[in-house]
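Residue-level structural notes
The chain contents come next:
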Amino acid sequence: MISRRRLLSLAGASALLAACGSNTGRGGDGQALKQWYHAYGEPGVQQAVERYAKAYQRTPVDVQWNPGDYDSKLATSLLSDGGPDVFESTPQISAVRAGQLVPLDDVVGDAKNDFSSSILATHTVDGKIYGIPQAVDMQMLFYRKSLFDRAGVRPPTTVDELIDASRRLTRDGVKGLFAGNDGGGAVLGGPALWSVGLDYVRDHQVGFDDPLAATAIGKLRELHTSGSLLLGAVKDWAEPDAFTQGLVAMQWTGLWAVPAVQKALGDDFGVLPFPKLTDSGRPSVPVGAFGAMVNAKSKRIDEAKEFVRWLWIERTDYQEDFNLSYGFHIPPRESIAAKASKLTSGAAADAVKFVRDNAKASNPPDWTQVMRTAFNDAVSRVVRDGAPAGQELRGAAQKARDELKRLYG
Amino acid sequence: MRNGRAFWLFVGPFAVGLLVFVYVPIGWSLLLSFFDARNTVTPTEFVGLRNYVDMLTDGPFLSSLGTFSVFAAFIVPLTFVLALALALLVNQIGFMQSFFRSVFFLPTACSYVVASLVWKLSIFNGVRFGLANTVLGWFGAEPVAWTVSTSPPWYWLVLVTLRLWLQLGFYMILFIAGLQRIPQHLYEAAWIDGARPGWQTLRYITMPQLRTTSVAVLLLLLIAAYQAFDEFYNVLGTDRGYPPFARPPLIYLYYTALGSGGQDFGHGSAGAVILTLLIAGVTLVQGKVITR
């Protein structure tokens, strides 16, 4: 979801910004709580969240739907007094340190044990919970069963098998793998680290300052130069078009693509986590969730917290509706996910299993913009330019270390 | 007195707008550049010149400044020469002159975002049915991933052709306006003195007479080159950020100051001030050299 939202915001930034000012909520009388959402792509979500807000009896709530570059708009509004009381986002350590977010541990209360712990961890900073996960999204590898059978290739369980499969599946105008128009550097950087048992950040230390990281990123370079990657597709990795149009045998995309792929290919596809490279690593799927948060500058923090508790803790029926009636998400509450019939078969059931067993935070709270830029630049230079991996990653690790020192001392 | 009131009536709203939306933000940004301003625009921690030192020792920012100095050195003369050539051609023809003028000027009216998407998604997409790849296919060549390949860096071809298409018409119009102000009798006098039409009159009559226009065009081109953002952001940017090559300084600053998890207004502002000083410096030097 995060990825798709960003993609949309990039593609149509200017066109959509013009529409940013439109407040689709009811007329504010100064008494209502302001709640912000980004614009979900699936039809019906906006009506649903407005319906939830209307059903809340204690305080009137104005829902604002924000098309366009939601992240920037939200970040800017949190600097001023005019921001929302309640909003959805993923917590960043910088926002917590700047005192922009209200801790919500008392709001979550006993329900804490019902949330999947890997998801809740992505909303926890310095031991406190700042967001209540609303809907889980994840990325995984889609593969075309019939093309695998024809080429006599088995679903890869290691990175080397993945590269080999990608090579062997490249024939008759079909490429092996599509992992983004940049050749996979941006979306596979994290999974590559996890494939050798490393990470972005671990216990407040740089998680990839290790010679193994160079080996892992080197594999992405090997993939890039194998001639089996699709590059420069019309739609980027977040849309399954290259896969459904038969341009590739495998594509890295997300859970949200399952309905579209099912519609186009029936059951001629399967899903996999990103495989491991060494025995120190494990297969992985990047996972993220938007959470409901409360603005520390709000003048009505208690009312806002009460509303969030009601909507995302008490009304489990709404969480089920929000996750499963419109798009395709996994409910972060395990009790709700367990009884969702939509998630018990096929690719969706596999996805639920991956989230349980192989989840890695795609956007951890202490993986800041500075670190992300340094790491992505390094990976991009290795994968696309063939720069020496060890040297590039050491440079990025140094930057990350400086940033972590600033954050944690 | 009446004149004074009319003056303020007409100028006042613009002056107020300029003050509120341009000068105050510029001043504020200058202020922020001396503070540790993370996730706040009302910072309290004064850090002196530290943000400037950081930016000037920061690899990505310096390398983007370097890249765009090279870019400017390349795109400015190229656009200048092509726009002038186009202006000379269009200015010479007597037949359908305004038609050609309009046709060449039309791309200027096109949105950078729209043009970027056309270039990226339809002309220079990397799959075999993209326009450029279809043409390559006629000659039996393999499809090229135009915006992805870094060796050779084909993305420059995409970005430069896009920029030329969007900008040429505008500068052509400036040159045509300049050309039409050159008195005809100068050329006649030159012919009588034995100058041959063509290179000689261009060198000794047209170019000196176009000096003011040329200076203006060069200035605008230079500023536009350093302020590149739209087409780069839309062609090379992805949902995962921007690749480390062909990254304009403004895009780097945008991610620093406004990126998610970033919001570092201190460093962002310091970078903006450095960029402003650089543009001002280069412009002054250029003005000095040309008008000497």
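Because the structure is a prediction, the values reported are computed rather than measured.

So, on to the UniProt feature "transmembrane region" (unreviewed entry) in chain B. As annotated in UniProt, the feature "transmembrane region" (unreviewed entry) corresponds to residues 7-26, 65-90, 102-119, 154-177, 210-229 and 265-285 of chain B in the numbering used here. Annotation note: span residues 210-229 of chain B, helix share 80%, strand share 0%, distance between end C-alpha atoms 30 Å.

Another aspect to go through is the packing of helix 7 (residues 155-180) of chain B against helix 10 (residues 211-226) of chain B. Residues and elements named next belong to chain B. Running from N to C, helix 7 and helix 10 point in directions that differ by 160 degrees, and their axes come no closer than 10 Å. When the axis of helix 7 is compared with that of helix 10, the two are roughly antiparallel. Considering how the two elements wind past one another, helix 7 and helix 10 form a crossing that is right-handed. Contacts between helix 7 and helix 10 involve Arg163, Gln167, Phe170, Tyr171, Leu174, Phe175 and Gly178 from the former and Thr213, Ser214, Val217, Leu220, Leu221, Ala224 and Ala225 from the latter.

Right, let's talk about the domain arrangement of chain A for a bit. Residue and element names in this part refer to chain A. Split by domain assignment, chain A resolves into domain 1 (2-137 + 287-361) and domain 2 (139-285 + 366-408). Centre-to-centre, using C-alpha coordinates, domain 1 lies 27 Å away from domain 2. Each partner contributes residues to the interface: domain 1 has 23 residues there, and domain 2 has 25 residues. Interface area for domain 1 against domain 2, summed over the two sides, is near 2,100 Å², with a carbon-plus-sulfur share of 67%. Three residues stand out in domain 1 for area buried against domain 2, namely Phe328, Phe354 and Lys360, and they jointly supply 26% of the buried area on that side. Taken together, the connections running from domain 1 to domain 2 amount to 0 salt bridges. Residue assignment for the side of domain 1 that touches domain 2 shows that the elements contributing at least two residues are helix 1 (2-11), helix 5 (93-97), strand 6 (132-143), helix 17 (346-358) and strand 13 (359-361). Counting residues per element, the side of domain 1 that touches domain 2 draws most heavily on helix 17, which supplies 7 residues.

It is worth spelling out the nonpolar core at this point. Met140 and Phe208 of chain A are the most contacted members of the largest nonpolar core, which totals 140 residues. The leading source of residues in this core is strand 6 of chain A, at 8 residues. Split by domain, the residues of this core number at least three in each of domain 1 (2-137 + 287-361) and domain 2 (139-285 + 366-408) of chain A. When near neighbours in sequence (up to four residues on either side) are disregarded, phenylalanine 208 of chain A contacts Leu193, Leu198, Asp199, Tyr200, Ala213, Trp367, Phe375, Leu393, Ala396, Ala397 and Ala400 of chain A. Of all hydrophobic cores here, the second largest spans 63 residues; its members include Phe61, Ala83, Ala115 and Val158 of chain B.

Considering all chains together, one arrives at 46 aromatic pairs over all chains under this definition. When the ring of phenylalanine 307 of chain A is compared with that of tryptophan 310 of chain A, the centres are 6.1 Å apart and the planes differ by 25 degrees; the resulting orientation is stacked. Of this pair, phenylalanine 307 of chain A and tryptophan 310 of chain A both sit in helix 14 (residues 301-314), 3 residues apart, which is roughly one turn of that helix. You can call tryptophan 310 of chain A buried: its relative accessible area is 6%. Taken together, the aromatic side chains of Phe68, Phe71, Tyr155, Trp156, Phe232 and Phe245 of chain B make up a single cluster linked through ring pairs. The ring of tyrosine 318 of chain A has arginine 315 of chain A sitting right over it, with the charged end atom 4.2 Å from the ring centre. Its end group placed over the ring of tyrosine 204 of chain B, arginine 203 of chain B keeps NZ or CZ at 4.8 Å from the ring centre.

Residue and element names in this part refer to chain B. A grouping of Val16, Leu18, Leu19, Val20, Phe21, Val22, Tyr23, Val24, Ile26, Trp28 and Leu31 is seen on the molecular surface, where their side chains present a nonpolar patch of about 1,100 Å² in accessible area. Here leucine 31 shows up in helix 1 (residues 2-32). Overall, leucine 31 belongs to the partly exposed group, its relative accessible area being 49%.

Here is what the cut-offs are and how they apply
Here, residues in each chain are numbered from 1, in the same order as that chain's written sequence. Both sets of labels track the order of writing: A upward for chains, 1 upward for ligands. Two thresholds apply to this predicted model, a pLDDT of at least 70 for residue-level local features and 80 or more for giving and counting side-chain atom pairs, whereas whole-chain, interface and lining totals are computed over all residues. To obtain the side-chain values, all non-hydrogen atoms of the structure were included, while hydrogens and water were left out. UniProt positions are given in the numbering used here, feature names are shortened, and annotations may be inferred rather than shown by experiment. Only DSSP runs of H or I with at least four residues qualify as helices, and only runs of E with at least two residues qualify as strands; both kinds are numbered from the N terminus onward. Where helices are involved, their axes are fitted lines through C-alpha atoms of the stretch in contact, as for all axes, and angles between N-to-C directions lie from 0 to 180°. Note on angle classes: values under 35 degrees are labelled roughly parallel, values over 145 roughly antiparallel, values of 65 to 115 roughly perpendicular, and the remainder oblique. Should the near helix be turned anticlockwise from the far one by less than a right angle, the crossing is left-handed, and should it be turned clockwise, the crossing is right-handed. Contact between two residues is taken to exist if any of their heavy atoms lie within 4.5 Å; hydrogens are not considered. Domain delimitation in this document rests on an assignment produced automatically or drawn from a domain database. Computed with a 1.4 Å rolling probe, the buried area is the accessible surface lost when two parts are put together, summed over both parts. What makes a salt bridge here is a side-chain nitrogen of Lys or Arg within 4 Å of a carboxyl oxygen of Asp or Glu, nothing more. Residues enter a nonpolar core if they are buried and are Ala, Val, Leu, Ile, Met, Phe, Trp, Tyr or Cys, with the set joined through side-chain atoms within 4.5 Å. The buried label applies to any residue whose accessible area, calculated with a 1.4 Å probe on protein chains only, is under 20% of its type's maximum; exposed applies above 50%, and partly exposed to all values in between. In this scheme Phe, Tyr and Trp rings, the latter by its six-membered ring, pair at centre separations within 6.5 Å, and the angle between planes marks the pair as stacked below 30 degrees, edge-to-face above 60, and tilted otherwise. Our definition puts a charge over a ring when NZ of Lys or CZ of Arg is within 6 Å of the ring centre and also within 35 degrees of the ring normal. Within this analysis, patches are made of residues with over 30% relative accessible area and no salt bridge. Like charges are joined at 9 Å or less; nonpolar side chains (Val, Leu, Ile, Met, Phe, Trp, Tyr) at 5 Å or less. The Shrake-Rupley method, run with a 1.4 Å probe sphere, supplies the accessible areas, and residue values consider only the shown protein chains as cover.

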